[in-house]
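Topology and contacts: notes
Chain residues, written in single-letter form:
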Amino acid sequence: MNGEQELGGNMLRFNVGVRYVNTIQTITGRVSLPDPRNTTSTGAALPDGSRYENIVSNVSTRNVYSKWLPAATFAYDVSEHAVVRVAGSRTMTRPDPSAQLPGVNFGAPSADQATIGNPALKPYLSTNLDLGFEYYTGREGVVSFNAFRKSIEGFTNTFISTVPFGDLAQYGITYDTLNPTQQIALNSRGGPSAAQVQVTSQVNVPNKLTINGLEFQWVQPLDFITKHIGVTGFGFNANATVVDQRSDGPAQAFGVAPFTYNITGYYEKNGVMLRVSTTSREGSQNSGAAQNGIPAAALFGTDYTTYDFSSSFDLDKIFGLAGAPQLTINVANFTDATLRSYFQFENATFTQYKPGRQFLIGLRGTF
């Protein structure tokens, strides 16, 4: 339902609705299990070369769930140039189907990590609240502020457990099914009777994840200042986001920077466009613990800031040549920034990517 109503001499606009979602999901995957004839009555395994092939079957699971998802948005004109906005909603995110496939992936050469699908994964629900204020300064100029909260239930996280290698037999993985590289790695850790394996799966965590955030934006042409010295066409666009996560358990959204900002300065006039922009984000945790076989180690990203330059020159307007093409010159990452992550400790580099500077020159025209 959409509508508007005069209130206190100003206009209140609103949009209110509800969505009903009924999901019927079938997940089917191939599961490979050892043929029981490969084990004799005494419990001994048949020798290599005389064993029967694994029994491969398709296993299916069916999930059915229904949700009501309401949403409401209100915008009130405080004055001719100012607007207050309030919004609330209930949203649903379905689990990744690839994380629900039955069976086990055990392809690591070191034979120390397995990934098991979880067909019972449920969607997670988020209750969202937004409060915003916008002030329009003229032309495309606007100053805005927005505060938001997302309260997420049933958030999906990675669960890692350490089990004996023998526990994988129920999924059709035994010493004899491993390739030679995996067998050597398993023997170096004490053999199939003593070696441990980290098993990873996706689970819905029981606790609630609350994400609070603040967003700021300022778009401002500077003609009202620079016109006094006979110069126009300059301006800037800036925005920043602050995010804070709170949880009383393992729920955590990885890869979400606590602070990010973007700033662009521009000049646009008489067929010339020049822009210099910077994008920056604060380092954050990129994964849960127990990475690469180390229970208490996680992956983190460092702070990253990059600068870019873009420009275009409309030769038709600049030189008055009808049909003249448009020239573009762009330089990406002209400060040659490096993107880096580390393994628990900041001096333990995990990945380092140096994309370098990119120069792009283009000519566009019509004939």
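In short, a report on the structure. (Residues numbered from 1 in each chain as written. Predicted model: local features only at pLDDT ≥ 70, side-chain atom pairs only at ≥ 80, totals over all residues. Heavy atoms only, no water.)

1. Topic: the overall build of the protein
A count of helical and extended segments in the protein gives three helices and 20 strands. Whereas a compact globule of 367 residues would reach a radius of gyration of roughly 21 Å, the protein reaches 29 Å, over 25% beyond that. Projecting the C-alpha coordinates of the protein onto the three principal axes gives extents of approximately 95 × 50 × 45 Å. Residue pairs at least 24 apart in sequence account for 65% of intrachain contacts in the protein once pairs closer than 6 positions are excluded. Entry remark: accessible area of the protein is about 21,700 Å², with carbon and sulfur atoms responsible for 57%. Taking the 26 positively charged and 27 negatively charged side chains of the protein as two groups, their mean positions are separated by 3 Å. (Helix = DSSP H or I, 4+ residues; strand = E, 2+ residues; numbered from the N terminus. Rg over C-alpha atoms; globule rule 2.2 N^0.38 Å. Contact = heavy atoms within 4.5 Å. Areas by Shrake-Rupley, 256 points an atom, 1.4 Å probe, with all protein chains shown as cover. Lys, Arg positive; Asp, Glu negative; His and termini not counted. Charge placed at Lys NZ, Arg CZ, Asp CG, Glu CD.)

2. Structural notes on the sheet that holds strand E10 (residues 196-204)
In space, the four strands of this open sheet follow the order E5-E6-E10-E9, with mixed pairing throughout. Of all the strands in the sheet, just strand E5 (104-105) and strand E9 (156-164) have a single pairing partner and so form its edges. Pairing of E5 with strand E6 (residues 113-116) involves two bridges; the strand directions are antiparallel. The partner of Val104 across the bridge, within E6, is Ile116. (Pairing = 2+ DSSP bridges.)

3. Here's the deal with the layout of surface pockets
If you add up the space inside the largest pocket, you get close to 270 Å³. Along the walls of the largest pocket sit 15 residues, with Thr158, Ile160, Ala289, Ala290 and Gln291 positioned nearest its centre. Sorting the residues of the lining of the largest pocket by element identifies E9 and E10 as the ones contributing at least two each. Sorting elements by how many residues they give to the lining of the largest pocket places E9 first, with four residues. By residue class, the composition of the lining of the largest pocket is five nonpolar, ten polar and no charged. The space that makes up the second largest pocket amounts to roughly 230 Å³. What lines the second largest pocket is a set of 13 residues, and nearest its centre among them are Pro34, Asn38, Arg51, Thr174 and Asp176. (1 Å grid on protein atoms, 1.4 Å probe; cavity = no way out; pocket = protein on both sides within 12 Å on 5 of 7 lines; lining within 4 Å. Points joined across faces, edges and corners; volume = space filled by probe spheres on them. Nonpolar A, V, L, I, M, F, W, Y, C, P; charged D, E, K, R; others polar.)

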